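# Summary of the model geometry
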Amino acid sequence: MVRFFPLLFLAFLTACGSEPPPKPAEVPALSELPLIPLPASITDGEGDAYYETYTGQVMPSSDAIIGDAQRYLYSRLPDLVLPLQFDVRSDLAEGAYRINFRDGNIEVSAGTRDGMLNAVKTLEQVLHFSGADAGAVYISEGTISDEARFPYRGFMLDVARHFFEVEEVKAVIDRIAPYKINHLHLHLSDDQGWRIEIKSWPKLTEIGGKSEVGGTPGGFYTQEQYSDIVAYAAARGITIVPEIDMPGHTNAALSAYPILNEDGKATEPYTGTRVGFSTLDTDQDSVYVFIDDVVREIGALTPGPYFHLGGDESDATDHEDYVKFVNEVQKIIKRNGKQPMGWDEVATAALDPGTVVQLWAHPDYALKAKAAGNPVLMSPATRAYLDMQYDSTSRIGLHWAAYIEVDSAYLWDPANLAEGLTDSDIMGVEAPLWGETIQNLEDIDYLTFPRLLALAEVGWTPQERRDWDDFRRRLRAHQTWLKDQGIGTYDTRVLQEEENEAPAEPAPSTDN
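Keep in mind that what you see is a predicted model, and the values were worked out from it rather than measured.

Conventions we followed
- Residues numbered from 1 in each chain as written.
- Predicted model: local features only at pLDDT ≥ 70, side-chain atom pairs only at ≥ 80, totals over all residues.
- Heavy atoms only, no water.
- Helix = DSSP H or I, 4+ residues; strand = E, 2+ residues; numbered from the N terminus.
- Rg over C-alpha atoms; globule rule 2.2 N^0.38 Å.
- Buried < 20%, exposed > 50% of the residue type's maximum accessible area, 1.4 Å probe, protein only.
- Areas by Shrake-Rupley, 256 points an atom, 1.4 Å probe, with all protein chains shown as cover.
- Lys, Arg positive; Asp, Glu negative; His and termini not counted.
- Charge placed at Lys NZ, Arg CZ, Asp CG, Glu CD.
- Pairing = 2+ DSSP bridges.
- Axes fitted to C-alpha atoms, helices over the stretch in contact; angles between N-to-C directions.
- Contact = heavy atoms within 4.5 Å.
- Polar contact = N/O pair within 3.5 Å; in protein donor to acceptor, adjacent residues only side chain to side chain.
- Salt bridge = Lys/Arg side-chain N within 4 Å of Asp/Glu carboxyl O.
- pLDDT = per-residue confidence, 0-100.
- Expected span 1.5 Å × (residues − 1).
- Parallel < 35°, antiparallel > 145°, perpendicular 65-115°, else oblique.
- Nonpolar A, V, L, I, M, F, W, Y, C, P; charged D, E, K, R; others polar.
- Right-handed = clockwise from strand over helix to strand, strands pointing away.

### Describing the overall build of the protein
Each helix and strand in the protein was counted, giving 14 helices and 18 strands. Over its C-alpha trace the protein gives a radius of gyration of 24 Å, about what one expects of a compact globule, namely 24 Å for 512 residues. The principal-axis extent of the C-alpha atoms belonging to the protein is close to 80 × 50 × 45 Å. By residue count, 61% of the 512 residues in the protein fall in the buried class. If you sum the accessible surface of the protein, you get close to 19100 Å²; carbon and sulfur atoms cover 51% of it. Separation of charge centres in the protein, based on 41 positive and 81 negative side chains, amounts to 3 Å.

Structure (structure tokens):
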């Protein structure tokens, strides 16, 4: 079935002028534009066309598939209103899209809301790098046909070790959305702080929310603020994934409620960065009542399917107790209507069907997940951890896993990370930004960009289409664009090298 929606559902619009502006000396072909992530297919046409812009008020469609896409595009380019043809097609897969530029018309096709959002995110880049937002709307003819390699492309923000206000989180959402990142994983609790209001356990934020790394004041989100973040992300095609880390990384909860601790005593607030010293009392029934309440309250505010239970670095938990705990918490999460996720150590337990194993350090645990028929999310610390320094001169960041420059973030294949995994076993790629050394949006920008662009392409573009030299060409244009938007992207050495310099060799497939 095909449904056509003409133009941009424009109201009270007038053309900007009857005569087109002078044509640029060269209109780049679609395949020459520096699009990131690189689409699966770009077919160039033979000519180019001028697209007349309009002024006036835009009235987005009430159609569920295209309305948010129109709003998104207009929010990004409010001074550039073009006549667009929206084409809803049932023959395009979830998230897939097609854009045709021909005969002076731009036809945007998708079968789903996510596909239409993906389309306009690409369209924004086509318009920008064709010079459209500078006033000369000449675009080469051709067709972009695209769909993601993996359905899940994620970014994780650790708000537990350092707290970030609602507007800062929204700013992060606006930065990652153009690169087709479609999940924002919020690390909401850790030893240093508890960041979300739980009405049935109010001391979690009254006590556990007041601390953070370094001893500076922490903070927390009310449930209304969290819902605001969820809605803001959803309008931009991003699903929120909440994480409550357990049974380790729980000192903030233990300081608020001593009943959760093995000795029944409240712990002192923790403002350091050491890991592996805290644990919930896995033998106590009240702990599971607590977890059920937390999952229920957060789950009710989170339309997305996932709830992340953490499960990493639980060194203070006896292994048998750990296995028992993870088995029970998976059931609690599923009873509350969510799909469990956990860091790769959860694969040492008996995985429930559908539980997602997020590989960060142990490829053998990913293989255990595959053997059990469970999906794997790729976040190898040596490739995808954005809190790692670029090199020894980086002003912030850590380096316990590796120094990660942009070439290292780009030159790997998720399907080669553990022998025996294939694309069908992998649900996607996520780039975690842990919060030990970040304190403000400037710090987030410094460690996130431009490495996130490399990881976005790893998660989106077919492996056979990815090329390091071509990515570096495209990245150079995006560095300028990011800076023009006020985003403090790092001046990576890979753009300071000569264009003909050989790239770094990718790590062996056993890299972890």
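### Notes on the sheet that holds strand β18 (residues 426-433)
The parallel closed barrel is built from eight strands, whose spatial order is β9-β10-β13-β14-β15-β16-β17-β18. Neighbour-to-neighbour, the strand axes of the sheet open up by a mean angle of 30°, direction not taken into account. Across six bridges, the pairing between strand β9 (residues 152-158) and β18 is parallel. What sits directly across from R153, in β18, is V429. Set on the sheet, helix α7 (residues 285-301) makes contact with β13 (239-246) and β14 (306-310); between it and β13 the angle comes to about 170°.

### A closer look at helix α12 (residues 441-448)
Here α12 lies mainly inside the structure; seven of its eight residues are buried. On its buried face, α12 sits against β9, α3 (166-176), β18 and α13 (451-460). In this structure N440 caps α12, since a side-chain oxygen of it lies 3.2 Å from the backbone nitrogen of E442.

### Some points on the pattern of salt bridges
For the structure shown, the criterion picks out 27 salt bridges. Residue D228 pairs with K170 through a salt bridge whose shortest N-O separation is 2.8 Å. Note that D228 is positioned in helix α5 (residues 223-234) and K170 in helix α3, a separation of 58 residues in sequence. Since its relative accessible area comes to 12%, K170 is described here as buried. Put simply, D491 and K483 hold a salt bridge, and the shortest N to O gap is 2.5 Å.

### Structural notes on the side chain of N261
Along the polypeptide, N261 turns up in the loop between α6 (251-256) and α7. Under the relative-accessibility criterion, N261 is labelled buried at 12%. Here K265 takes part through its backbone oxygen, which lies 3.0 Å from a polar atom of the side chain of N261. Once you skip the residues sitting within four places of it in the chain, N261 turns out to touch L254, T267, T279, D281 and Q284.

### Observations concerning the pairing of β18
β18 sits mainly inside the fold: eight of its eight residues count as buried. Where strand β17 (residues 376-378) lies against β18, three bridges are found, and the strand directions are parallel. Bridge assignment links M378 to a residue of β18, and that residue is V429.

### A word on the confidence of the model for the protein
Per-residue pLDDT for the protein has a mean of 93; in total, 93% of the residues score no lower than 70. A low-confidence stretch, residues 6-12 (pLDDT under 50), is modelled with 29 contacts involving residues beyond four sequence positions or located in other chains. Within the model, the stretch residues 507-512 combines pLDDT values under 50 with 16 contacts to residues more than four positions away or in other chains.

### Quick look at α5
Taking 1.5 Å per residue, 12 residues should reach 16 Å; α5 reaches 16 Å between its end C-alpha atoms and fits that length. Inspection of α5 places Q223, Y226, I229, V230, Y232 and A233 among the buried residues, and these make up the whole buried set. Buried residues belonging to α5 abut α3, β10 (183-187), β13 and α7.

### Things to note about the packing of α5 against α7
The geometry of α5 relative to α7 is characterised by a closest axis approach of 9 Å and an angle of 45° between their N-to-C directions. Considered as vectors, α5 and α7 are oriented oblique to each other. Mapping the contact onto sequence places Q223, Y226, S227 and V230 in α5 and E297, I298 and L301 in α7. Among the residues making up the contact of α5 with α7, the classes are represented as four nonpolar, two polar and one charged.

### Re unusual backbone geometry
Negative phi values dominate among residues other than glycine, just as trans dominates among peptide bonds. Residue P37 is bonded to the preceding I36 through a cis peptide linkage, with omega at -5°. By the secondary structure assignment, P37 is in the loop between β2 (10-15) and β3 (41-50). Even without being glycine, H249 reaches a positive phi, approximately 55°. Tracing the chain through its elements places H249 in the loop between β13 and α6. When its relative accessible area of 2% is taken as the criterion, H249 is described as buried. In this structure, E313 is a non-glycine residue whose phi angle is positive, near 50°. Following the sequence through the fold, E313 ends up in the loop between β14 and α8 (319-335).

### Some points on the pairing of strand β15 (residues 339-343)
Burial of β15 is extensive: four of the five residues sit out of reach of the surface. In this region the chain leaves β14, passes through α8 and returns to the parallel neighbour β15; the handedness of that crossover is right-handed. Note that β15 and strand β16 (residues 356-359) share three bridges and pair parallel. Looking at the pairing, G342 lines up with V357 of β16.

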